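What the coordinates show
Take a look at the letters that make up each chain.
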Amino acid sequence: MQHIVVLTGAGISQESGLQTFRGADGLWNHERIEDICTPEGFRRDPLRVDCFYNGLRAQLPGVQPNAAHHALARLEQAARQGQWLGEITIITQNIDDLHERAGSHNVIHMHGELLRLLCTHCRATPHWHTDCYPDTPCPHCGQPALRPDIVWFGEMPYHMDTIARHLAACDLFVAIGTSGIVYPAAGFVESVTDHADTMLFNLEVPQEPSAFEQIILGPATRTIPNWTRAVLAA
């Protein structure tokens, strides 16, 4: 039985029309990282941070999963239906819900989710689809203590123990549309090279020396459907 772990980055969502944080027209070109992506920035100006993430949340209904998201979901569906003797787990650095809307269930959001909030008082993480402001009460405890459930700089990514177990058990590690410079995700490939094959799907060759055995260049909307078809055919 094949166990595939897939790491997805901003590149896969960008092909659906979502603006990335990095890049020529990235969100961090318009906002300072320390103002909107750190706990200190939130303490200084929670309204500014809430408004920024309210804007990102409002964009989500206007974008749809693309062919790469759907191809990964079909691979999981084939496993559930017994058409493929394998298992696929998606670890995503993205905070959108495009994998889920495409039909994937085995999704681990290591950097949090745009459609959740975190109550700093009771630690609840309610689903959230509308705007949130500093005086918005938590639906669980009633305290105005909500923040985006996003992993900011200086904070520990979520689910690292679960991620480590999947990486240790996989025999194929695939990265899609990721810069390969944000740790700890950038180190995942080195952690599996002694027991798993590795593949990188990206628009361009990594700037730094890469530990990936195979690098497939091109848009994920083309390369990922081709790859998943080959997996199912094999």
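Our structure's up above, just so we're on the same page.
Here goes a summary of the coordinates provided. If you're wondering where the values come from, they're calculated on a predicted model, not measured in any experiment. (Residues numbered from 1 in each chain as written. Predicted model: local features only at pLDDT ≥ 70, side-chain atom pairs only at ≥ 80, totals over all residues. Heavy atoms only, no water.)

Considerations on the nonpolar core
- I4, V6, L72, V174, I176, I224 and W227 are the most contacted members of the largest nonpolar core, which totals 21 residues.
- Those elements that provide at least two residues to this core are β1 (2-8), α5 (67-80), β2 (86-92), β6 (172-176), β7 (197-202) and α9 (220-233).
- When residues in this core are grouped by element, the largest group, five residues, is from α5.
- Setting aside residues up to four positions removed in sequence, W227 forms contacts with I4, V6, L72, L75, L172, V174, M199 and F201.
- Listed in part, the 17 residues of the second largest apolar core include L7, L167, A185 and L200. (Core = buried A, V, L, I, M, F, W, Y, C linked by side-chain atoms within 4.5 Å. Buried < 20%, exposed > 50% of the residue type's maximum accessible area, 1.4 Å probe, protein only. Helix = DSSP H or I, 4+ residues; strand = E, 2+ residues; numbered from the N terminus. Contact = heavy atoms within 4.5 Å.)

What about unusual backbone geometry?
- Across the junction of Y183 and P184, the peptide omega takes the value 15°, indicating a cis bond.
- Its place among the elements puts P184 in the loop between β6 and α8 (188-192).
- The residue R123 is not glycine, and still its phi comes out positive at about 70°.
- With respect to the helices and strands, R123 occurs in the loop between β4 (112-119) and β5 (146-150).

Thoughts on the side chain of S13
- Along the polypeptide, S13 turns up in helix α1 (residues 10-14).
- Not counting chain neighbours up to four residues away, the residues in contact with S13 comprise L18, H69, N94, D96 and L98.

Focus on the packing of α5 against α9
- Where α5 contacts α9, the two axes come as close as 7 Å, and the packing angle between them is 15°. Looking at the two axes, α5 sits roughly parallel to α9. Remark: the crossing between α5 and α9 carries left-handed chirality. Contact with α5, carried on its side by A67, A68, A71, L72, L75 and A78, involves A220, T221, I224, P225, W227, T228, V231 and L232 of α9 and no other residues of that element.
- Looking at the contact of α5 with α9 residue by residue, the class counts come to 12 nonpolar, two polar and no charged. (Axes fitted to C-alpha atoms, helices over the stretch in contact; angles between N-to-C directions. Parallel < 35°, antiparallel > 145°, perpendicular 65-115°, else oblique. Left-handed = near helix turned anticlockwise from the far one by under 90°. Nonpolar A, V, L, I, M, F, W, Y, C, P; charged D, E, K, R; others polar.)

Section: α5
- The terminal C-alpha atoms of α5, which comprises 14 residues, lie 20 Å apart, in line with the 20 Å expected from a rise of 1.5 Å per residue.
- Buried within α5 we find A68, H69, A71, L72, A73, L75, E76 and A78.
- Here α5 starts with a cap whose side-chain oxygen sits 2.9 Å from the backbone nitrogen of A68, and that cap is N66.
- The first or second residue beyond α5 is G82, which carries a positive phi of 75°. (Expected span 1.5 Å × (residues − 1). Polar contact = N/O pair within 3.5 Å; in protein donor to acceptor, adjacent residues only side chain to side chain.)

Section: the sheet that holds β6
- The six strands are arranged β3-β2-β1-β6-β7-β8 in an open sheet whose pairing can be described as parallel. Of all the strands in the sheet, the pair left with one neighbour each is β3 (107-109) and β8 (214-217). Neighbouring strand axes in the sheet, compared pairwise and without regard to direction, differ in orientation by 20° on average.
- Pairing between β2 and β3: three bridges, direction parallel. Residue pairing across strands places I91 opposite I108, the latter belonging to β3.
- Taken strand by strand, α5 contacts β1, β2 and β6, and its axis lies near 145° from that of β2. (Pairing = 2+ DSSP bridges.)

None of this, on its own, says anything about what the molecule does.
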